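Residue-level structural notes
Residue strings, one per chain:
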Amino acid sequence: MGAYILRRLLLVVPTLLGIMVLNFALTQFVPGGPIEQVIAEMEGRGDVFRNISGGGGDAAPSTEAMALDSKYIGARGLPPQFIEQLEREFGFDKPPFERFTMMMWNYMRFDFGRSWFRSITVVDLILEKLPVSLTLGLWTTLIAYLISIPLGIRKAVHDGSRFDTWTSGAIIVGYAIPGFLFAILLIVLFAGGSYWRIFPLRGLLSGDLTGAMCAPWSDAFSLKTCVTRVIPDYFWHIALPIFALSISGFATLTLLTKNSFLDEIRKQYVMTARAKGLTERRVLYGHVFRNAMLIVISGFPAVFISVFFGGSLIIETLFSLDGLGRLGFEAAVARDYPVVFGTLYAFSLLGLVIGIVSDLTYVLIDPRIDFESRQ
């Protein structure tokens, strides 16, 4: 197993390098950039993308300005020295290859630099947004597994029954409705949209409460306040976004569990166990469960990471939550490259490591699996 892990770890390097090279190369051809963003803000337009699609007429440019216009949108009439200063500040006075190698050298030391448009380091920015994404990813995954696995097992045991038919219909409906559409429905019904105002629509806690009230190392820590106010308020705020995010994952995981159990129940060793006189419960949970749940449980790390980083942008926007999904989107729109590439590097590395952890989970669940024996 050690040789397999070593091979996988060695593959992380070229894979991560390929991801960074591809995305860095794409940014060299994307219209707009940080310099155009600064110029747009100076001229009061605030958004460089409006210029890309065509804008109003400016005064006739000089020869020098025309040369600059061919390189930066909106630079017409600005002094060349000012543009050169912006290039030095953003590092665009160096060739792309040199910029990329410097960036990767810093990232190898986990030095992600500072955001170009926010007075904060990339690491601090990620830590600031982490609680929201951690909340959405953790609770969504746990709820999906805690409901889907028992439901999928019961559907497999009662395959073809009325219970199986009705629950399959409900699952298909839940899977067919996009998470963001279900979120809008919840807002309209329960968050003051048109009917009841039962749940809040902003943040993880009410304005007078902070997470420090539940942190023992904080001066604001109060056990009574934490138990009686902070924790209930926290679950009150996250109820709707978690419910909206759980729908599609819940449906997929339930059907996966059911099909896995059905495949195992029909195998010869199950018939042998029943013929020996074992109870149905012993057969189901003593023999079938480990084999059937292999693919379900081993996928937990990957499912958590996918929900954690990939599936919450629209939900965060609808429920006014400031998490990693919105951070990545806003950084890409603003061309805040330190944030874009810093988060891309960190999360890609984490995803590749999680892939190795998923393989190790297979072995922990079923020691008979040996990746080193594969040719």
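The structure this text deals with has already been given above.
Here goes a summary of the coordinates provided. This structure is a prediction, so every number in the text was calculated from the model and none was measured.

1. A few points about the overall build of the protein chain
Scanning the protein chain from N- to C-terminus turns up 17 helices and zero strands. Partitioning the contacts of the protein chain with sequence separation of at least 6, the portion at a separation of at least 24 is 71%. Accessible area of the protein chain: about 21,000 Å², with a carbon and sulfur share of 65%.

2. Here we look at the packing of aromatic side chains
Evaluation of the coordinates by the stated rule reveals 16 aromatic pairs. The interplanar angle of 20° and the centroid separation of 6.0 Å between the aromatic rings of phenylalanine 190 and tryptophan 196 together place this pair among those described as stacked. Chaining the aromatic ring pairs together yields one cluster made of Phe24, Phe100, Trp116, Tyr337 and Phe341. When the ring centre of phenylalanine 163 is taken as reference, the NZ or CZ atom of arginine 154 above it lies at 4.6 Å.

3. Quick look at the pattern of salt bridges
Enumeration over the complete set of coordinates arrives at 11 salt bridges. Aspartate 322 is the salt-bridge partner of lysine 129, the closest N and O atoms lying 2.5 Å from each other. With lysine 129 in helix α7 (residues 122-157) and aspartate 322 in the loop between α15 (313-318) and α16 (324-334), the pair connects residues that are 193 residues apart, well separated along the chain. The network of salt bridges with shared partners includes Lys155, Asp159, Asp164, Lys258 and Arg266.

4. A few points about the environment of methionine 20
Position of methionine 20 among the secondary structure elements: in helix α1 (residues 2-27). For methionine 20 and methionine 104, which are 84 residues apart along the polypeptide, the C-alpha to C-alpha distance reads 8.5 Å. Sequence-distant contacts of methionine 20, that is, excluding residues within four places in its chain, are made with Phe100, Met103, Met104, Tyr107, Phe341, Leu344 and Tyr345.

5. Let's talk about the side chain of glutamate 264
In this structure, glutamate 264 sits in helix α10 (residues 223-265). Engagement of the side chain of glutamate 264 in a polar contact is seen with the side chain of tyrosine 269, the distance being 2.6 Å. Here glutamate 264 is in contact with Tyr269, Val270, Val288, Asn291 and Ala292, once residues within four sequence places are set aside.

6. With respect to the packing of helix α11 (residues 268-275) against helix α12 (residues 280-292)
Running from amino to carboxyl end, α11 crosses α12 at an angle of 155°, the nearest separation of the two axes being 10 Å. Considering their axes alone, α11 and α12 lie roughly antiparallel with respect to each other. Considering only the axes of α11 and α12, their crossing is right-handed. When α11 is examined against α12, the residues Tyr269, Val270, Ala273 and Arg274 are found in contact with a partner set consisting of Glu280, Val283, His287, Val288 and Asn291.

About the thresholds
Residues numbered from 1 in each chain as written. Predicted model: local features only at pLDDT ≥ 70, side-chain atom pairs only at ≥ 80, totals over all residues. Heavy atoms only, no water. Helix = DSSP H or I, 4+ residues; strand = E, 2+ residues; numbered from the N terminus. Contact = heavy atoms within 4.5 Å. Areas by Shrake-Rupley, 256 points an atom, 1.4 Å probe, with all protein chains shown as cover. Phe/Tyr/Trp six-rings, centres within 6.5 Å; stacked < 30°, edge-to-face > 60°. Lys NZ or Arg CZ within 6 Å of the ring centre and 35° of its normal. Salt bridge = Lys/Arg side-chain N within 4 Å of Asp/Glu carboxyl O. Polar contact = N/O pair within 3.5 Å; in protein donor to acceptor, adjacent residues only side chain to side chain. Axes fitted to C-alpha atoms, helices over the stretch in contact; angles between N-to-C directions. Parallel < 35°, antiparallel > 145°, perpendicular 65-115°, else oblique. Left-handed = near helix turned anticlockwise from the far one by under 90°.

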